[in-house]
Amino acid sequence: MKAPGRVPELLRQREFRRYWSAQTISMFGDQVSSVAIPYTGILALHADAAEMGFLTAAIWLPSLIFALHAGAWADRFGHRRILMITADLGRAGLLALIPVAALLHTLALWQLYAVAFAVGTLSVLFTVCDPALFVALVPSQRYVAGQSLVYGSRAFSFVGGPSLGGILVQLLTAPFAVAADALSFLGSAFFLSRIRPAELPGDPDSHGSLSAGVRFIAHSRVVRSSLGAAAFINFFSFVFVTLFALYATRYLHVRPGVLGVVLGAGAVGGVLGALVTRRLARRLGVGWTFVAGCVLFPAPLALVPLASGPRVIIIGALFGSEFFSGVGVMILDISIGSIFAAVIPDQLRSRVTGAFQAVNYGTRPAGSLVAGALGTIIGIRPTLWIAALGGLTGFLWLLPSPLPGFRLPPENTSEAFSVKKEKSDIRTHE
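Worth saying up front: this structure is predicted, and the values here are computed from it rather than measured.

## Here we look at the side chain of Asp333
Here is step 1: By the element assignment, Asp333 lies in helix α14 (residues 311-343).
Here is step 2: For Asp333, a relative accessible area of 13% gives the class buried.

See below:
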């Protein structure tokens, strides 16, 4: 009788379990690509700091260009699960072009840029649809539990994905390692095709739909301050991420396989972060938990430019940076996802997500381009210092806002979910 109790309640629900499986498979493949795509540029195409900046910018530039429109379109069209499946299948086909081009000996940097941009565009569509699907499957008093399961999978993908990516890069070469991510999107599409959530229908006659998400953010102090902090931290974290693999490989002389194992082992911190967030949210409130994540995520990045001396010290510094930053990013992501699931109205969810993503993810290509420029002008190590210290100040956006005192409904009550369902039923019948 006790055995079923060991399985989280949400995972005993078939619809959520399939949604969670789709997310888990896709995130694991993404972590393989997080190693394979940069190394395709570095090892196969001999990219320099500026070219690596352009590559990372190509992945995230679609967020700045398309997120606002994608969110408005998704809310008008509805059928977000179908849109997510379409995005998965498209990304699988696009990523498959990289190993095919390598096999034909035609792979060039411009092709890598083009695939990265196109995959990023479809990822925007997937991301703006995902929150609406999540709240269609999870009751409000289970938001933190649901986010913890999803981001727990992300943490486990951090453990195995980079390690597998590094091994595949060494065994197969980087372009062929990208095929693992293509296969993961097919797996995600399969599981999403097997759920039938009660989604909020689209609203094709909505007025002012493009700006509705922007207006909601402008008038919500909780969401507005969260956006300021997240975008600020994202900008500096992508200054860091853009140059990290290049710095570790060329300046610290860490081999791809070793770096993949180090990143995977360090990502155990992400698992720990996913496990402790729920407890922190109960004790501190989800608002203060989010503030804590905004500090714990960027602070350990300073260990990377500090790394020097014997090889064991260098590997230890990289491990420590990844481990403690992994704890922080999980706390940040789970708490902000739970807050947004609670405060954003269902009928605006994709539009608010799109507007938020346009700014938050839109800082990523800017950070990547700044990384390439600063890495060329002042050097990679000083740029990593700027990234680590700059990101650490992001939490200051939150202190004057009401967000630190924000709390979710207790998990042992279902009243909030009942009220939310009644309102949803009223809107549906209207």
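That was the structure; now back to the text.
## Examining the packing of aromatic side chains
Here is step 1: By the definition in use, this model includes 12 aromatic pairs.
Here is step 2: A centroid spacing of 6.1 Å and a plane angle of 70° characterise the contact between Phe66 and Phe117, whose relative ring orientation is edge-to-face. Remark: Phe117 occurs in helix α4 (residues 109-137) and Phe66 occurs in helix α2 (residues 49-77); sequence separation between them is 51 residues.
Here is step 3: Judged by relative accessible area, which is 33%, Phe66 ranks as partly exposed.
Here is step 4: Ring geometry for Phe190 against Phe191: centres 5.3 Å apart, planes inclined by 75°, an arrangement best described as edge-to-face.
Here is step 5: Note on Phe190: relative accessible area 44%, which makes it partly exposed.
Here is step 6: The structure contains a cluster of three or more aromatic residues connected by ring pairs, namely Phe232, Phe235, Phe236 and Trp397.

## Examining the pattern of salt bridges
Two side chains carrying opposite charge are able to pair once their charged atoms lie near each other.
Here is step 1: Within this structure, the stated rule accounts for 1 salt bridge.
Here is step 2: Among the salt bridges present, the one from Asp88 reaches Arg91, with a minimum N-O distance of 2.8 Å. Of the two residues, Asp88 and Arg91 are both situated in helix α3 (residues 80-103); the distance of 3 residues between them amounts to about one turn of the helix.
Here is step 3: Classification of Arg91 by relative accessible area gives buried; the value is 5%.

## Notes on a nonpolar patch on the surface
Here is step 1: A cluster of nonpolar side chains, namely Val100, Leu103, Leu104, Ile167, Leu171, Leu172 and Phe176, defines an oily patch on the protein surface of about 680 Å² accessible area.
Here is step 2: Looking at the nonpolar patch, the elements with two or more residues in it are α3 and α5 (143-172).
Here is step 3: At 3 residues, α5 tops the list of elements feeding residues into the nonpolar patch.
Here is step 4: As for its position among the elements, Leu104 is in the loop between α3 and α4.

Rules behind the numbers
- Residues numbered from 1 in each chain as written.
- Predicted model: local features only at pLDDT ≥ 70, side-chain atom pairs only at ≥ 80, totals over all residues.
- Heavy atoms only, no water.
- Helix = DSSP H or I, 4+ residues; strand = E, 2+ residues; numbered from the N terminus.
- Buried < 20%, exposed > 50% of the residue type's maximum accessible area, 1.4 Å probe, protein only.
- Phe/Tyr/Trp six-rings, centres within 6.5 Å; stacked < 30°, edge-to-face > 60°.
- Salt bridge = Lys/Arg side-chain N within 4 Å of Asp/Glu carboxyl O.
- Patch = residues over 30% accessible without salt bridge, like charges linked within 9 Å, V, L, I, M, F, W, Y side chains within 5 Å.
- Areas by Shrake-Rupley, 256 points an atom, 1.4 Å probe, with all protein chains shown as cover.

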